[in-house]
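# Observations on chain architecture
One-letter residues, chain by chain:
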Amino acid sequence: MSVYSYLFRRKKYFYFKVRFKDKQYSRRIDEFVEYLSRSYKSTTVSSIVTSFKAHIFPIVKDLSLKEFNLEVVKEINQYISALQFYSKNHIIAGAKNLIKFLNSYGVNLSCDLIQGGKNPNFRSDRITRFWTFEEFSKFISFVDDNFYKLLFSVLYYYGLRISELRGITKDCFTEYKLFIKKCLTNHSLGGGQSIVSTKTFSSVRSFDMFPFIYEMYLKLPTSKNEYVFSSLNGKTISIGESSIRRKLEYYCKKSGVKYIKLHEFRHSCASLLINNGMDSLQVANWLGHSNPGITLSTYSHLFNNRKNDVYNFLNDRGTKKRTL
């Protein structure tokens, strides 16, 4: 097997060449993508293919089919283990699915030979970075654009994923309810904006509309665009993530509040709920997690921080009983 690349109209395309039983077959990577598409959502396929091109492709590009053996798998595993990433799931998925894909050409290896995952020696701050309510309040007080004041408030108070926010249409944004039914993303193989399903079935959810949020919405100028957070250049599409990030950075500098990523608005919402006594089931339902176990594993450190609250509660009750 060999993997080749070529340029066409300034885009780089990849394809496989496989020799099997004295016959040579050319297989564009599109077939590998199609194979992946049978098991994954389009956004996940895009991430896996991107990771494959960047990490697995350099290792396998000059190999024949017979040379794809346990030694190659060992080399892939060593490469993955050396990566200083918090999560290597898409790289691992690309390597495993490559083996599955090539098994039809006689490779005969188990995809379970690919090992890896989270690096235990690599500390990520992606869960511990969030805003307190005081930080958000300071930040939002400096947002002087009604459109972005609404956008950042919806992100924070509802704890939405950025793709969920971008997919909100006007029929889902009513005086009494906010419905999350779909996502809009640019991270797909087709390019441009793509409508995709929510991350899980539980992510399809509805909220009661906060009156102060709806009041912000009524202050926006009328538009024929179906999206609530529409493109500001007149196009009938949703606003781009880059535009939101630029404004976030601008208002962070203006307010003096530390910069957080867009997804960390979701963590900020979770921390606000947890630190104010909400249990894992309540937080899971609000964020759209498929079960409270995901909430506990993701925000376990925040729940652990509430042990002092339990201690103070029980100590207070014990003290009162002794004084009776």
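The rules behind these values
- Residues numbered from 1 in each chain as written.
- Predicted model: local features only at pLDDT ≥ 70, side-chain atom pairs only at ≥ 80, totals over all residues.
- Heavy atoms only, no water.
- Helix = DSSP H or I, 4+ residues; strand = E, 2+ residues; numbered from the N terminus.
- Buried < 20%, exposed > 50% of the residue type's maximum accessible area, 1.4 Å probe, protein only.
- Contact = heavy atoms within 4.5 Å.
- Areas by Shrake-Rupley, 256 points an atom, 1.4 Å probe, with all protein chains shown as cover.
- Patch = residues over 30% accessible without salt bridge, like charges linked within 9 Å, V, L, I, M, F, W, Y side chains within 5 Å.
- Salt bridge = Lys/Arg side-chain N within 4 Å of Asp/Glu carboxyl O.
- Phe/Tyr/Trp six-rings, centres within 6.5 Å; stacked < 30°, edge-to-face > 60°.
- Lys NZ or Arg CZ within 6 Å of the ring centre and 35° of its normal.
- pLDDT = per-residue confidence, 0-100.
- Pairing = 2+ DSSP bridges.
- Core = buried A, V, L, I, M, F, W, Y, C linked by side-chain atoms within 4.5 Å.
- Polar contact = N/O pair within 3.5 Å; in protein donor to acceptor, adjacent residues only side chain to side chain.
- Arc of directions from axis to C-beta.

Attention now goes to the overall build of the protein chain. In terms of helices and strands, the protein chain carries 14 helices and seven strands. Split into buried and exposed, the 324 residues of the protein chain put 41% on the buried side. Pairs at least 24 residues apart make up 62% of the contacts formed inside the protein chain by residues separated by at least 6 positions. Carbon and sulfur atoms form 52% of the exposed surface of the protein chain, whose accessible area is close to 18,500 Å².

With that out of the way, let us pick up a nonpolar patch on the surface. A contiguous nonpolar surface patch, about 290 Å² in accessible area, is contributed by Val310, Phe313 and Leu314. Topologically, Phe313 is positioned in helix α14 (residues 307-323). Among the residues examined, Phe313 registers a relative accessible area of 44% and is labelled partly exposed.

So, on to the packing of aromatic side chains. Here the structure, examined in full by the defined rule, presents 26 aromatic pairs. Judged by centre distance (5.1 Å) and plane angle (70 degrees), the rings of Trp131 and Phe265 are edge-to-face. Within this pair, whereas Trp131 is found in the loop between α4 (89-103) and α5 (133-141), its partner Phe265 is found in helix α10 (residues 264-275), the two being separated by 134 residues in sequence. A ring pair is formed by Tyr214 and Tyr217, whose centres lie 5.6 Å apart and whose planes are at 40 degrees; its orientation type is tilted. Here Tyr217 and Tyr214 lie together in helix α8 (residues 211-218), a separation of three residues that amounts to about one turn. Between Lys181 and the ring centre of Phe179, over which it is positioned, the NZ or CZ distance is 5.3 Å. For Lys247, the ring lying beneath its charged end belongs to Tyr250, and the centroid distance is 5.5 Å.

Moving on to unusual backbone geometry. Although it is not a glycine, Asn108 sits at a positive phi angle of roughly 65 degrees. Residue placement: Asn108 occurs in the loop between α4 and α5. With a relative accessible area of 69%, Asn108 lands in the exposed category.

Of the residues in the protein chain, 83% reach a pLDDT of 70 or more, and the chain-wide mean stands at 83. This model gives residues 1-9 a pLDDT under 50, and the stretch forms 34 contacts once residues within four places in sequence are excluded.

This part takes up the pairing of strand β7 (residues 205-208). Only one face of β7 is covered, namely the one carrying Arg205 and Phe207; the face carrying Ser206 and Asp208 has none of its residues buried. Here four bridges tie strand β4 (residues 177-180) to β7, and the two strands are oriented antiparallel to one another. Opposite Ile180, over in β7, you have Arg205 as the bridge partner.

A few words on the nonpolar core. Of all hydrophobic cores here, the largest spans 40 residues; its most connected members are Phe139, Leu150, Leu151, Phe152, Phe173, Phe229 and Phe265. Per-element accounting of this core gives the leading share, nine residues, to helix α6 (residues 146-158). If you look at the next biggest cluster of nonpolar residues, it comprises 31 residues, including Phe32, Ala93, Ile99 and Leu109.

Attention now moves to the environment of Asn69. Secondary-structure assignment places Asn69 in the loop between α2 (42-60) and α3 (70-82). Along the sequence, Asn69 and Val107 sit 38 residues apart, while their C-alpha atoms lie 7.6 Å from each other. Side-chain polar atoms of Asn69 contact the backbone nitrogen of Glu71, separated by 3.0 Å.

The subject of this paragraph is the side chain of Asn225. Examined against the element boundaries, Asn225 turns out to sit in the loop between α8 and α9 (241-255). For Asn225, a relative accessible area of 5% corresponds to the buried category. There is a polar contact of 3.1 Å between the side chain of Asn225 and the backbone oxygen of Ile237. Excluding anything up to four places from it in sequence, Asn225 contacts Lys170, Ser230, Ser231, Lys235, Thr236 and Ile237.

This paragraph deals with the pattern of salt bridges. Summed over all chains, the structure comprises nine salt bridges. Across the pair Glu264 and Arg129 runs a salt bridge whose closest N-O atoms are separated by 3.9 Å. With Glu264 in helix α10 and Arg129 in the loop between α4 and α5, the pair connects residues that are 135 residues apart, well separated along the chain. You can call Glu264 buried: its relative accessible area is 3%. In this structure, Glu241 engages Arg245 in a salt bridge whose closest nitrogen and oxygen atoms are separated by 2.7 Å.

Another aspect to go through is α8. All of the buried residues along α8 are Ile213, Tyr214, Met216 and Tyr217. Buried residues along α8 cover an arc of 155 degrees about the axis, so they all sit on one side. Projecting away from the buried face of α8 at angles above 90 degrees are the exposed residues Pro211, Glu215 and Leu218. Summarising the contacts, the buried residues of α8 are in contact with α6.

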